[in-house]
Each structure stands twice: as structure tokens, then as C-alpha cells.
Amino acid sequence: MPFIKLTRLEQKRFGAVVVCILCAVAAWLFLALNKKYPYTVQTELIYKDEPQGKAFKALQPDTVDLKVEGTGWQLLFARLRIKPPAIAVSLQKLNSRSYVVLSEQLDQVNRQLETSQRVISIKPDTLYFDFSKRTNKRVPLRLISKLTFTPQFRINKEIKL
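Residues numbered from 1 in each chain as written. Predicted model: local features only at pLDDT ≥ 70, side-chain atom pairs only at ≥ 80, totals over all residues. Heavy atoms only, no water.

Visitor: Sorry if this is basic, but what is going on with the packing of aromatic side chains here?
Guide: Note on aromatic pairs: each is described by the distance of the centres and the angle between the planes. In the structure shown here, the tally under the stated rule is 3 aromatic pairs. With a centroid separation of 5.7 Å and an interplanar angle of 75°, the aromatic rings of tyrosine 47 and phenylalanine 129 are classed as edge-to-face. Of this pair, tyrosine 47 sits in strand S1 (residues 36-48) while phenylalanine 129 sits in strand S7 (residues 126-133), and the two are 82 residues apart along the sequence. The residues tyrosine 47 and phenylalanine 129 share a single accessibility class, namely buried. (Phe/Tyr/Trp six-rings, centres within 6.5 Å; stacked < 30°, edge-to-face > 60°. Helix = DSSP H or I, 4+ residues; strand = E, 2+ residues; numbered from the N terminus. Buried < 20%, exposed > 50% of the residue type's maximum accessible area, 1.4 Å probe, protein only.)

Visitor: Before we go on, may I ask you to explain the nonpolar core in this structure?
Guide: It is characteristic of soluble globular proteins that their nonpolar side chains tend to be buried jointly. Leu45, Leu66, Val100, Leu102, Val119, Ile122 and Phe129 are the most contacted members of the largest nonpolar core, which has 20 residues in total. The set of elements that each furnish at least two residues to this core consists of S1, strand S3 (63-71), strand S4 (87-90), helix H3 (106-112), strand S6 (118-123) and S7. Looking at which element gives the most residues to this core, the answer is S1, with 4 residues. Excluding anything up to four places from it in sequence, leucine 66 contacts Tyr39, Thr40, Val41, Thr43, Ile87, Val119, Ser121 and Ile122. (Core = buried A, V, L, I, M, F, W, Y, C linked by side-chain atoms within 4.5 Å. Contact = heavy atoms within 4.5 Å.)

Visitor: Honestly, the pairing of S3 in this entry has me stumped. Any pointers?
Guide: Side-chain positions along a regular strand alternate between the two faces of the sheet. As defined by bridge partners, S1 adjoins S3 across 9 bridges and the pair is classed as antiparallel. Each residue of the ladder has a partner; that of lysine 36, found in S3, is threonine 71. Here S3 pairs with S6 via 5 bridges, running antiparallel. Bridge assignment links valine 68 to a residue of S6, and that residue is valine 119. (Pairing = 2+ DSSP bridges.)

Visitor: What am I meant to see in a nonpolar patch on the surface here?
Guide: Side chains of Leu143, Ile144, Leu147, Phe149, Phe153, Ile155 and Ile159 sit close together on the surface and give an oily, nonpolar patch of about 680 Å² of accessible area. Relative to the helices and strands, phenylalanine 153 is located in the segment after S7. (Patch = residues over 30% accessible without salt bridge, like charges linked within 9 Å, V, L, I, M, F, W, Y side chains within 5 Å. Areas by Shrake-Rupley, 256 points an atom, 1.4 Å probe, with all protein chains shown as cover. Salt bridge = Lys/Arg side-chain N within 4 Å of Asp/Glu carboxyl O.)

Visitor: Explain the sheet that holds S4 here, please?
Guide: Remark on secondary structure: sheet strands pair via backbone hydrogen bonds, oriented parallel or antiparallel. A sheet is described by the order of its strands in space; here 4 strands give the open sequence S4-S1-S3-S6, paired in mixed fashion. If you trace the sheet from one side to the other, it starts and ends with S4 and S6, each paired once. Geometrically, the sheet is characterised by an average inter-axis angle of 40° between neighbouring strands, direction not taken into account. (Axes fitted to C-alpha atoms, helices over the stretch in contact; angles between N-to-C directions.)

Visitor: Please clarify how unusual backbone geometry should be interpreted in this entry.
Guide: Cis geometry marks the peptide bond from lysine 123 to proline 124, where omega comes out at 0°. Take proline 124: it is sitting in the loop between S6 and S7.

Laid out in C-alpha cells, this is it:
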């Protein structure tokens, strides 16, 4: 049993109003998603141009938060993306100091992303590293060729050195 009884003419008018409201909502959504918005994306770092002769360890995690400016469509799809792409960071400055300032590399980071997206800032801005001297040590290898196993285990093929 209908809650409100409408005549045939009123049903047509109500249907027209509903269609107009749906069109207005769709147009508003389309216009709102075409504007530019800042949003934050968490991404991983890939280190390149590592310093020669130094072993280093990052003192912070290998993920950073990128504040990106893009359209609402990009924001929508960035939230739906399971894993955002990693960005490459140059460690060339580590030859003269023990930290890297990421805001100096914003142009390089922006070249790695889509053309319509633009990175505004990176958090944390500075990456600190702990250094130790890289050394090599020669260790002699000795082959233990006589191996014994319990009855149910054995070697599949001959050992090659």
C-alpha cells in the first residue's frame, strides 16, 4: 500500500524533479572533482647515487609522506590505489655531509610522478644517515665434502665448488 497517493501527473512531475536533482548532483560532482586539491600520499624511497667507500644506515624508516597537489579525480584514484609507486632519491650529497634535504630534490621527484600532479612538500624533509667505513675481508673457504645424513635424507646431486 503506497504511503502517499499521487496522480499520474504528479508522478511525472516527481520523476522529473528526481531526474533534475540527479543531474545537478552529477554536474556538481564533476565540477568539484576537476578542481585542484592538496592530499597526502605515503610512498617508499629508493636510494640511488650511493656514496663510494662508505657503508650507511638510514636513521628513519624508508617511507615518506608526499603532499601532492592534483585534481579531485587523482585524489579519488590515489586513495583507491593499493600501493603508490616508489620515488628515487639521490644520495650524492652524502659525500660531503651526513644528511640529505629532500626539498632540494623536489624537481627530480616531480619528474617521476604524473605530469598533472605536483609535489608541494615531503615529510620528513631531511634524511639522516649513520656512517661506518666500508671494508672488505678475505675469508678462506673450506669444503666439507664428507657429509652424513640420517637414513631418510640425502644429497640430490653432487656438490660443486
